[in-house]
Amino acid sequence: MESNRQKKIAGILQQDLAEVLQQAASSGGLRGVIISVSKVSVTVDLSIAKVYLSIFPNKEAQELLDGIKSNTPLIRHELAQRTRHQLRRMPQLEFFIDDSLEYIDGIERSLKDGDNPLENTDLLDKRKKS
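All figures in this text were calculated on a predicted structure; none of them were measured in a lab.

(A) Spotlight on the nonpolar core. Core analysis: the largest hydrophobic core is formed by 26 residues, its most contacted members being Leu13, Val40, Val51, Leu53, Ile75, Leu79 and Phe95. When residues of this core are traced back to their parent elements, those giving at least two are helix H1 (4–27), strand E1 (34–42), strand E2 (48–56), helix H2 (61–70), helix H3 (72–82) and strand E3 (92–97). It is H1 that provides the largest number of residues to this core, a total of seven residues. Ignoring sequence-local partners within four residues, the contact set of Leu13 consists of Val40, Val42, Ala49, Leu79, Leu87, Met90 and Pro91.

Here's what the structure looks like:
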(Lines give C-alpha, C1' and ligand atoms only; values in the text may rest on other atoms or scores of the structure.)
Protein backbone atom coordinates (compact mmCIF):
# COMPACT_ATOMS: atom_id res chain seq x y z
CA MET A 1 0.00 0.00 0.00
CA GLU A 2 1.54 3.25 -1.14
CA SER A 3 1.44 6.26 1.12
CA ASN A 4 0.19 9.62 -0.08
CA ARG A 5 3.77 10.90 -0.16
CA GLN A 6 4.87 8.01 -2.39
CA LYS A 7 1.96 8.64 -4.75
CA LYS A 8 2.69 12.35 -4.92
CA ILE A 9 6.38 11.83 -5.67
CA ALA A 10 5.58 9.15 -8.25
CA GLY A 11 3.16 11.52 -9.99
CA ILE A 12 5.69 14.36 -10.06
CA LEU A 13 8.41 12.07 -11.40
CA GLN A 14 6.10 10.57 -14.02
CA GLN A 15 5.10 13.95 -15.40
CA ASP A 16 8.63 15.39 -15.43
CA LEU A 17 10.19 12.21 -16.82
CA ALA A 18 7.74 12.18 -19.72
CA GLU A 19 8.74 15.74 -20.61
CA VAL A 20 12.47 15.04 -20.28
CA LEU A 21 12.34 11.87 -22.40
CA GLN A 22 10.19 13.46 -25.12
CA GLN A 23 12.55 16.45 -25.33
CA ALA A 24 15.56 14.13 -25.51
CA ALA A 25 13.93 12.04 -28.22
CA SER A 26 12.99 15.03 -30.38
CA SER A 27 16.33 16.81 -29.93
CA GLY A 28 18.19 13.55 -30.53
CA GLY A 29 16.67 13.20 -33.97
CA LEU A 30 14.34 10.30 -33.20
CA ARG A 31 11.37 10.74 -35.49
CA GLY A 32 8.35 8.46 -35.29
CA VAL A 33 9.26 7.17 -31.83
CA ILE A 34 6.87 7.59 -28.95
CA ILE A 35 8.13 7.18 -25.40
CA SER A 36 5.57 7.34 -22.62
CA VAL A 37 6.00 6.82 -18.91
CA SER A 38 3.22 4.39 -18.04
CA LYS A 39 3.95 4.01 -14.32
CA VAL A 40 6.35 5.13 -11.63
CA SER A 41 6.51 3.41 -8.26
CA VAL A 42 8.63 4.72 -5.41
CA THR A 43 9.93 2.62 -2.52
CA VAL A 44 8.85 3.34 1.06
CA ASP A 45 12.13 5.08 1.93
CA LEU A 46 11.87 7.18 -1.29
CA SER A 47 15.34 6.08 -2.42
CA ILE A 48 14.44 4.11 -5.56
CA ALA A 49 11.93 4.87 -8.29
CA LYS A 50 10.97 2.12 -10.73
CA VAL A 51 9.98 3.66 -14.05
CA TYR A 52 7.96 1.65 -16.58
CA LEU A 53 8.18 2.90 -20.17
CA SER A 54 6.00 2.16 -23.17
CA ILE A 55 7.98 2.60 -26.35
CA PHE A 56 6.50 2.57 -29.84
CA PRO A 57 7.51 1.03 -32.24
CA ASN A 58 8.29 -2.11 -30.29
CA LYS A 59 11.19 -3.07 -32.56
CA GLU A 60 13.33 -0.29 -31.15
CA ALA A 61 12.22 -0.64 -27.53
CA GLN A 62 15.21 -2.58 -26.18
CA GLU A 63 17.74 -0.41 -27.99
CA LEU A 64 16.12 2.77 -26.65
CA LEU A 65 15.88 1.33 -23.15
CA ASP A 66 19.60 0.58 -23.21
CA GLY A 67 20.28 4.16 -24.29
CA ILE A 68 18.07 5.53 -21.54
CA LYS A 69 19.78 3.33 -18.94
CA SER A 70 23.21 4.51 -20.07
CA ASN A 71 22.06 8.14 -19.71
CA THR A 72 20.40 7.66 -16.31
CA PRO A 73 22.77 10.06 -14.48
CA LEU A 74 21.96 12.87 -16.94
CA ILE A 75 18.23 12.18 -16.71
CA ARG A 76 18.41 12.09 -12.93
CA HIS A 77 20.26 15.42 -12.88
CA GLU A 78 17.68 17.03 -15.15
CA LEU A 79 14.87 15.72 -12.93
CA ALA A 80 16.64 17.02 -9.82
CA GLN A 81 16.79 20.47 -11.40
CA ARG A 82 13.08 20.39 -12.22
CA THR A 83 11.96 19.12 -8.80
CA ARG A 84 14.45 20.93 -6.56
CA HIS A 85 11.68 22.81 -4.76
CA GLN A 86 9.62 19.65 -4.17
CA LEU A 87 12.17 16.96 -3.31
CA ARG A 88 15.24 17.03 -1.11
CA ARG A 89 16.85 13.98 -2.64
CA MET A 90 16.27 12.54 -6.07
CA PRO A 91 15.63 8.78 -5.95
CA GLN A 92 17.74 6.37 -7.97
CA LEU A 93 15.99 5.58 -11.26
CA GLU A 94 15.48 2.05 -12.55
CA PHE A 95 13.96 1.74 -16.02
CA PHE A 96 11.87 -1.16 -17.31
CA ILE A 97 9.83 -1.82 -20.45
CA ASP A 98 6.07 -1.95 -19.90
CA ASP A 99 4.82 -4.64 -22.26
CA SER A 100 1.24 -4.74 -21.00
CA LEU A 101 -0.12 -3.33 -24.28
CA GLU A 102 1.52 -6.15 -26.24
CA TYR A 103 0.09 -8.68 -23.79
CA ILE A 104 -3.42 -7.24 -24.15
CA ASP A 105 -3.06 -7.20 -27.94
CA GLY A 106 -2.03 -10.86 -27.90
CA ILE A 107 -5.10 -11.78 -25.86
CA GLU A 108 -7.37 -9.87 -28.24
CA ARG A 109 -5.81 -11.55 -31.27
CA SER A 110 -6.25 -15.02 -29.76
CA LEU A 111 -9.89 -14.27 -28.94
CA LYS A 112 -10.55 -13.13 -32.52
CA ASP A 113 -8.78 -16.13 -34.05
CA GLY A 114 -9.88 -19.72 -33.72
CA ASP A 115 -8.00 -20.09 -30.43
CA ASN A 116 -10.85 -18.67 -28.39
CA PRO A 117 -11.23 -20.93 -25.33
CA LEU A 118 -14.65 -19.45 -24.62
CA GLU A 119 -16.06 -20.84 -27.86
CA ASN A 120 -13.96 -24.01 -28.10
CA THR A 121 -13.79 -25.64 -24.66
CA ASP A 122 -11.37 -28.34 -25.90
CA LEU A 123 -8.64 -25.70 -25.87
CA LEU A 124 -8.98 -25.23 -22.12
CA ASP A 125 -7.43 -28.62 -21.37
CA LYS A 126 -4.43 -27.77 -23.56
CA ARG A 127 -3.88 -24.43 -21.83
CA LYS A 128 -4.13 -25.61 -18.23
CA LYS A 129 -0.92 -25.31 -16.28
CA SER A 130 0.26 -28.43 -14.54
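(B) Inspection of the pattern of salt bridges at higher detail. Summed over the entire model, instances satisfying the criterion amount to two salt bridges. One salt bridge in this structure joins Arg82 and Glu19, with 2.7 Å as the shortest N-O distance. On the criterion of sequence distance, the pair formed by Arg82 in helix H3 and Glu19 in helix H1 is long-range, its members being 63 residues apart. Salt-bridge contacts for Arg82 lead to Glu78; the nearest nitrogen and oxygen are separated by 3.2 Å. On the criterion of helical spacing, the pair formed by Arg82 and Glu78 is a turn pair, its members being four residues apart in helix H3. On the accessibility criterion, Glu78 (33% relative accessible area) is partly exposed.

(C) Focus on unusual backbone geometry. Backbone torsion omega between Phe56 and Pro57 reads 5°, so that peptide bond is classified as cis. Its location among the elements puts Pro57 in the loop between E2 and H2. The phi dihedral of Leu46 falls on the positive side, at around 60°, and the residue is not glycine. Residue placement: Leu46 occurs in the loop between E1 and E2.

(D) Broad picture of the packing of H1 against H3. At a closest axis distance of 10 Å, the pairing of H1 and H3 adopts a crossing angle of 125°. Classified by the angle between their axes, H1 and H3 sit oblique to one another. H1 and H3 meet at a crossing whose hand is right-handed. For the pair formed by H1 and H3, the contact residues are Leu13, Asp16, Leu17, Glu19, Val20, Leu21 and Gln23 on the first element and Ile75, Glu78, Leu79 and Arg82 on the second. When grouped by side-chain class, the residues that make up the contact of H1 with H3 number six nonpolar, one polar and four charged.

(E) Just the environment of Lys39, in detail. Tracing the backbone shows Lys39 in strand E1. In this structure, the C-alpha to C-alpha distance between Lys39 and Lys50, residues 11 residues apart in sequence, is 8.1 Å. If near-sequence neighbours (up to four positions away) are discounted, Lys39 is found in contact with Gln14, Lys50, Val51 and Tyr52.

About the criteria used
Residues numbered from 1 in each chain as written. Predicted model: local features only at pLDDT ≥ 70, side-chain atom pairs only at ≥ 80, totals over all residues. Heavy atoms only, no water. Core = buried A, V, L, I, M, F, W, Y, C linked by side-chain atoms within 4.5 Å. Buried < 20%, exposed > 50% of the residue type's maximum accessible area, 1.4 Å probe, protein only. Helix = DSSP H or I, 4+ residues; strand = E, 2+ residues; numbered from the N terminus. Contact = heavy atoms within 4.5 Å. Salt bridge = Lys/Arg side-chain N within 4 Å of Asp/Glu carboxyl O. Axes fitted to C-alpha atoms, helices over the stretch in contact; angles between N-to-C directions. Parallel < 35°, antiparallel > 145°, perpendicular 65-115°, else oblique. Left-handed = near helix turned anticlockwise from the far one by under 90°. Nonpolar A, V, L, I, M, F, W, Y, C, P; charged D, E, K, R; others polar.

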